[in-house]
Amino acid sequence: MFESLIGLVAIIALFVIISRQRSRIGLIERELGALRSLVLSGVHVAPPQAKPVEQAANDSMPADAAIAAVTDIAPPSAGEAAAEENPPTQVEAGEAASSGPWAAGEAAPAGPAPAQPVAATAKPAQKPDIETALGTRWAVWVGGIALALGGLFLIRYTIEAGIFGPGVRLSMAAMLGLVLVAVGEFIRRTGFKVPVQGVAGAYIPAILTAAGAFILFGTVYAAHGVYGFIEPALAFTLLGAIGVATIAAALVHGQALAGVGLLGAVVTPMLIASQAPNSWALFGYLAIVLAATGVIARLRDWKLLMAAAFVGTGLWTILYMTDASGTNLPVVLFINAVTLAVLALVWLGRRGGEAGPASGFDWPSVAPGFFVGLSAMALFVDPAYAAGDALPGAALIAALVAVALYRPLALALLHAAGLATVLVYLGIIPPTSVVSDFSGGALGVDGLPAAVADTLMLRIGIFLGLVLIAAGFWAARKFAASAQIRAASWAAWGVVAPLVILLALWFTFGNLDRDLVYAAVAALLMVVFATGGEWIARGEQPPLQGGAAVSFALGGAAVAALLMLYMAFGSGWTTMLLGAAAIVPALATRRRAYPVLGWISVAAVIAVLGRIAFDPTIVGAEFLSRTPVFNWLLLGYGVPALAFGFAAWQLARTTNGRPRLAMEAGAALFAVLTVAILVRHAMHGGVIDTGAATLAEQAIYTLIAIGAGAILVAIDMRSPSLVLRYSSLAAGVVSVAFIVIQHFVALNPLFTDESTGRIPVFNLLFLAYLLPAIAAGGLALYARDKRPKWYAAMLALMAALLAFVYATLSVRRLFKGEFIGLWSGLGQLETYTYSALWLIIGVALLTAGVWLKSQVLRVASAALISVAVLKVFLFDMSELEGVLRALSFIGLGAVLIGIGLFYQRLLTRAARGT
């Protein structure tokens, strides 16, 4: 009942649509007559832009129909040729371009309208209305689906009603499919064209052919899978033939039909079950389908169809390798070889020469690159294939590189080969293998380890490394002048993959402490990469520019040098030589202005920082000498500091730029670290990684920071640099932070009750407060006109606070002795002494501020005297007794009056001077 209702509604809808189209057909006939009369009269009418034949084919319109549509445009007559010499005009035929039928009783315009300039009268094509879409496209699409389903429903109805036997029903269905294919071909051969704009996507012959192919697929499958009339081999052959024939028919019917045929051909092996499956028959059939699809896709340049064919074949390959009960290595190699051959010889045949090797990227080649690379990895790690040897996997990787080299557009194959190589060799590193699980055991396949490192893997690694180096540098040289991205890709994999192979083999087979054999290999790679980078640079246009490919080559040489140092030397020599190695690329800038050279020096700074962060003792705590200064710390920190400084000096005279700034920063940082680490070594008896910092040690760090700030300011004045400028500011800010946090709070002996020493003057207070006060004051005075005002003011204020704290703590030490902890209490005389001292310091600061013309010191003086006043009135009045209380107030009054007289006299002089 429901199906009958659907059929009735469909018939009514089609009747309405057909009746509405009659008026549109009449409109088209009248418009064609009007245009013909205009052409014969000699008036020039600008024809619409016709699509190229190849583009029409991409829109699912057959080639011969597209050619006919182009050739239907009449050649210009003599009158038109004469009219082209004068300003061209175009006749606008009323509302002829509008979509939708004419209104009832309205006739099409028969005569030409007043001529207007072409530029003024050209109108963009209007979008088809919903009626046009329903009548010209949706009706065709739904009709094609309905025909295909109708054939299947007919078979179902005959089964349910018992009208015909199985053989007759299948014969009728097959006849229906063949009739639809024949009708489609008949309509195409009788000159079918699509005159209505936007209807090319509903090409009726292609849809009828697709519906017929769909019915034929279902008929053959039913004959085998439902009734068992035909054997699996015959059903397989018939389904494959239908699929390949459908793909071939796409040459005249468009890409959509090819997609239908490809889908049917790829799904066919899943529809036909066999008790004894033949893998050679399966993949031989898939190879034929892939090759046929490649030919069709190449003729029509259908990228989507080609990519779909590669994906289908690749999925079958991976499915077979993972689920097949009995593995057959030759079959796997065969289908991967066919995939690469179709890509190189069919799909990309002549394409590289036509488009030029320097332009374009073939995105369909991503699919074969992915699946062939995945197959190669499986041949390495799956015990079912790699139990004997891993040579087939290596052969597939080499084949990927060869095809990528032969067809430059297939750059995706290079990336697949490089990535597969890297992942395979990272997987053999014990025990942190990429195939290890969280429990620490190796990830297994069927209970067997997934990756086994043996001597064959070593030989294969050497082979693949040589292949990638040779192909990578040759291709990088070839494309260096015309395609920098492609050249950089080849150079990158020619460097990265061999380095990963070397690292993996060293971790697996070498001696991690010291291995001169692998160090020699790393040194050889360094020479090869550096020489190759120079060779590539000479092929650039203009030569010796140092582009991306050269940068990868020289960067690889730097990494190889780093590995050589780690393999050949101990930790101490490695750190020292690695820092000294920063000089080499800086000196190379005298001969070559490659941008990467300066960044290689910067990379040396980063490498040394990582090395000392891993082990600040350079040689290990148990091997570090306890001799102050003259130990491995001086070499491990000092030599890199000197090398970085020299590299910065050299870069400033050649390439300059940001690498020079980074090297200056590295030199300044390592100079400070050298002094600081030597201080810690000496203060802790040769042990630098244990024990909390003391106030004396922190005082030395603060003095180092202040001194570094002064040195950086001085150097910046002689050789201006942003790095030196900001580094000097940073040194001042860090020193102030040290003072506030450590000197005043965390390590203050007033709170920690740390011993201040037995010597009256030259003691801990002298080192931790007076010397930093003098240093901060001197730096503030030196940087007064060389740095921002806030910087000098900050340092001056900090110097005043340090002097104040030093004097105050010295008074307490005078009364309490070596230990001045706050919990020991205050005496009356000590309390009075603080008041007098603070007033004296306030007056001294005022005098210094006036003499140095420093507002900061004068403000500090006012703040300190204000504190003294509050102390006298709030604390001394209640705590002091007798003569001390009187002297406190007398002294305060005298000082305040003296300050008032001083300011009055100062202001009077200023007024007279004005």
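What you are looking at is a predicted structure, and each value in this text was computed from that prediction instead of being measured.

Cut-offs used in this document
- Residues numbered from 1 in each chain as written.
- Predicted model: local features only at pLDDT ≥ 70, side-chain atom pairs only at ≥ 80, totals over all residues.
- Heavy atoms only, no water.
- Helix = DSSP H or I, 4+ residues; strand = E, 2+ residues; numbered from the N terminus.
- Buried < 20%, exposed > 50% of the residue type's maximum accessible area, 1.4 Å probe, protein only.
- Contact = heavy atoms within 4.5 Å.
- Areas by Shrake-Rupley, 256 points an atom, 1.4 Å probe, with all protein chains shown as cover.
- Core = buried A, V, L, I, M, F, W, Y, C linked by side-chain atoms within 4.5 Å.
- Salt bridge = Lys/Arg side-chain N within 4 Å of Asp/Glu carboxyl O.
- Expected span 1.5 Å × (residues − 1).
- Polar contact = N/O pair within 3.5 Å; in protein donor to acceptor, adjacent residues only side chain to side chain.
- Axes fitted to C-alpha atoms, helices over the stretch in contact; angles between N-to-C directions.
- Parallel < 35°, antiparallel > 145°, perpendicular 65-115°, else oblique.
- Left-handed = near helix turned anticlockwise from the far one by under 90°.
- Nonpolar A, V, L, I, M, F, W, Y, C, P; charged D, E, K, R; others polar.
- Phe/Tyr/Trp six-rings, centres within 6.5 Å; stacked < 30°, edge-to-face > 60°.
- Lys NZ or Arg CZ within 6 Å of the ring centre and 35° of its normal.
- pLDDT = per-residue confidence, 0-100.
- Patch = residues over 30% accessible without salt bridge, like charges linked within 9 Å, V, L, I, M, F, W, Y side chains within 5 Å.

> Could you give an account of the overall build of the protein, with specific residues and numbers?
The number of helices and strands found in the protein is 35 helices and four strands. Expressed as a percentage of its 914 residues, the buried residues of the protein come to 43%. By sequence separation, contacts in the protein at least 24 residues apart represent 72% of the contacts at least 6 residues apart. When the accessible surface of the protein is split by element, carbon and sulfur atoms take 71% of a total near 45300 Å².

> Describe the nonpolar core, listing the residues and the values that go with them.
Core analysis: the largest hydrophobic core is formed by 129 residues, its most contacted members being Phe-380, Tyr-425, Trp-490 and Met-663. When residues in this core are grouped by element, the largest group, 13 residues, is from helix H20 (residues 484-509). Apart from residues lying up to four places away in sequence, Tyr-425 is in contact with Met-457, Ile-460, Gly-461, Leu-464, Ile-501, Ala-504 and Leu-505.

> I'd like a rundown of the pattern of salt bridges, residues and numbers included.
Scanning all chains against the criterion turns up eight salt bridges. A salt bridge links Arg-592 to Glu-534; its shortest N-O distance comes to 2.8 Å. Taken as a pair, Arg-592 in the loop between helix H24 (583-588) and helix H25 (595-614) and Glu-534 in helix H21 (residues 516-538) lie far apart in primary sequence, 58 residues in all. Between Asp-716 and Arg-787 there is a salt bridge; the shortest N-O distance is 3.0 Å. On the criterion of sequence distance, the pair formed by Asp-716 in helix H28 (residues 695-718) and Arg-787 in the loop between helix H31 (764-782) and helix H32 (789-816) is long-range, its members being 71 residues apart. For Asp-716, a relative accessible area of 8% gives the class buried. Overlapping salt bridges bring together Glu-534, Arg-538 and Arg-592 as one network.

> Let's hear about helix H29 (residues 722-746): which residues, and what values?
Between the first and last C-alpha of H29 there are 34 Å, a value that for 25 residues agrees with the 36 Å anticipated at 1.5 Å per step. All buried positions along H29 are accounted for by Val-723, Leu-724, Ser-727, Ser-728, Leu-729, Ala-731, Gly-732, Ser-735, Val-736, Ile-739, His-743 and Phe-744. Looking at the buried side of H29, the elements it contacts are helix H27 (658-683), H28, helix H30 (749-752), H31 and H32. Two or three places before Val-723, at the start of H29, stands the capping residue Ser-721, its side-chain oxygen 3.3 Å from that residue's backbone nitrogen.

> Describe the environment of Leu-409, naming the residues involved and giving the relevant values.
Inspection of the secondary structure assignment puts Leu-409 in the loop between helix H17 (391-406) and helix H18 (411-426). Look at Leu-409 and you get buried, because its relative accessible area is 7%. Separated by 48 residues in sequence, Leu-409 and Phe-361 have C-alpha atoms that sit 5.0 Å apart.

> A description of the environment of Asn-328 should follow, citing residues and the corresponding values.
Its location among the elements puts Asn-328 in the loop between helix H12 (303-323) and helix H13 (329-347). On a C-alpha basis, the gap between Asn-328 and Trp-280 in space is 9.1 Å, while along the polypeptide they are 48 residues apart. Not counting residues within four places of it along the chain, the set of residues in contact with Asn-328 comprises Ser-279, Trp-280 and Tyr-320.

> Could you give me a rundown of H17, with the residues and numbers involved?
Here H17 spans 22 Å end to end across 16 residues, near enough to the 22 Å set by a 1.5 Å rise per residue. Listed as buried for H17 are Pro-392, Gly-393, Ala-394, Leu-396, Ile-397, Ala-398, Leu-400, Val-401, Val-403 and Ala-404. Where H17 is buried, its residues contact H13, helix H15 (366-381), H18, helix H19 (455-479) and H20.

> Give me the packing of H28 against H31: which residues, what numbers.
Where H28 contacts H31, the two axes come as close as 9 Å, and the packing angle between them is 15 degrees. Taken together, the axes of H28 and H31 are roughly parallel relative to one another. Here H28 runs over H31; the crossing is left-handed. Contacts between H28 and H31 involve Leu-695, Ala-696, Ala-699, Leu-703, Ile-706, Gly-709, Ala-710, Val-713 and Ala-714 from the first element and Leu-764, Leu-767, Ala-768, Tyr-769, Leu-771, Pro-772, Ala-775, Ala-776, Leu-779 and Tyr-782 from the second. A per-class count over the contact of H28 with H31 returns 18 nonpolar, one polar and no charged.

> Hey, could you go over the packing of aromatic side chains for me, with residue numbers and the actual values?
Under the definition given, this model contains 11 aromatic pairs. Measuring from ring centre to ring centre gives 5.4 Å for Trp-506 and Phe-507, while their planes differ by 45 degrees; the resulting arrangement is tilted. Note on Phe-507: relative accessible area 33%, which makes it partly exposed. For the ring pair Phe-646 and Trp-649, a centre distance of 5.5 Å and an interplane angle of 35 degrees mean the geometry is tilted. Of this pair, Phe-646 and Trp-649 are both found in helix H26 (residues 632-652), three residues apart, which corresponds to roughly one turn of the helix. Counting every residue linked through ring pairs, the aromatic cluster contains Phe-804, Tyr-834 and Trp-838. Residue placement shows Arg-486 over the ring face of Phe-479; its charged tip is 5.7 Å from the ring centre.

> Tell me about the confidence of the model for the protein, residues and numbers included.
Detailed reading of the predicted coordinates is not advisable wherever pLDDT is low. In this model, the protein carries an average pLDDT of 76, and 66% of its residues clear a pLDDT of 70 or more. Contacts for the low-pLDDT stretch residues 193-202, under 50 throughout, to residues beyond four places or in other chains number 22 contacts.

> Kindly report on unusual backbone geometry, identifying the contributing residues and their values.
Here Gln-541 and Pro-542 are connected by a cis peptide whose omega angle stands at -10 degrees. With respect to the helices, strands and loops of the structure, Pro-542 is situated in the loop between H21 and helix H22 (548-568). Its identity as a non-glycine residue notwithstanding, Val-629 has a phi of 65 degrees, on the positive side. When you line up the elements, Val-629 lands in the loop between H25 and H26.

> Describe a nonpolar patch on the surface, and please don't skip the residues or the numbers.
A cluster of nonpolar side chains, Leu-304, Phe-361, Trp-363 and Val-366, forms an exposed patch at the surface whose accessible area comes to about 410 Å². Examined against the element boundaries, Leu-304 turns out to sit in helix H12.

> Tell me what's going on with the side chain of Arg-812, and back it up with residues and numbers.
Structurally, Arg-812 is set in helix H32. A polar atom in the side chain of Arg-812 sits 2.6 Å from the side chain of Ser-824. Beyond its immediate sequence surroundings of up to four residues, Arg-812 is in contact with Leu-750, Gly-817, Ile-820, Gly-821, Leu-822, Ser-824, Gly-825, Leu-826, Glu-830 and Tyr-834.

> Help me get a handle on the packing of H18 against H19, residues and values and all.
It is the contact of H18 with H19, at a shortest axis distance of 12 Å, that shows an interaxial angle of 155 degrees. The angle between H18 and H19 places the two elements in the roughly antiparallel class. Helix-helix and strand crossings are classified by hand; for H18 and H19 the assignment is left-handed. Judged by residue contacts, Thr-421, Val-424 and Tyr-425 of H18 engage Met-457, Ile-460, Gly-461, Leu-464 and Leu-468 from H19. Looking at side-chain class alone, the contact of H18 with H19 contains six nonpolar, two polar and no charged residues.

> Outline the environment of Leu-609, supporting the account with residue identities and numerical values.
Along the chain, Leu-609 turns up in helix H25. In sequence terms Leu-609 and Pro-640 are 31 residues apart; their C-alpha atoms lie 10.0 Å from each other. With near-sequence residues (within four places) excluded, Leu-609 lies in contact with Leu-669 and Phe-670.

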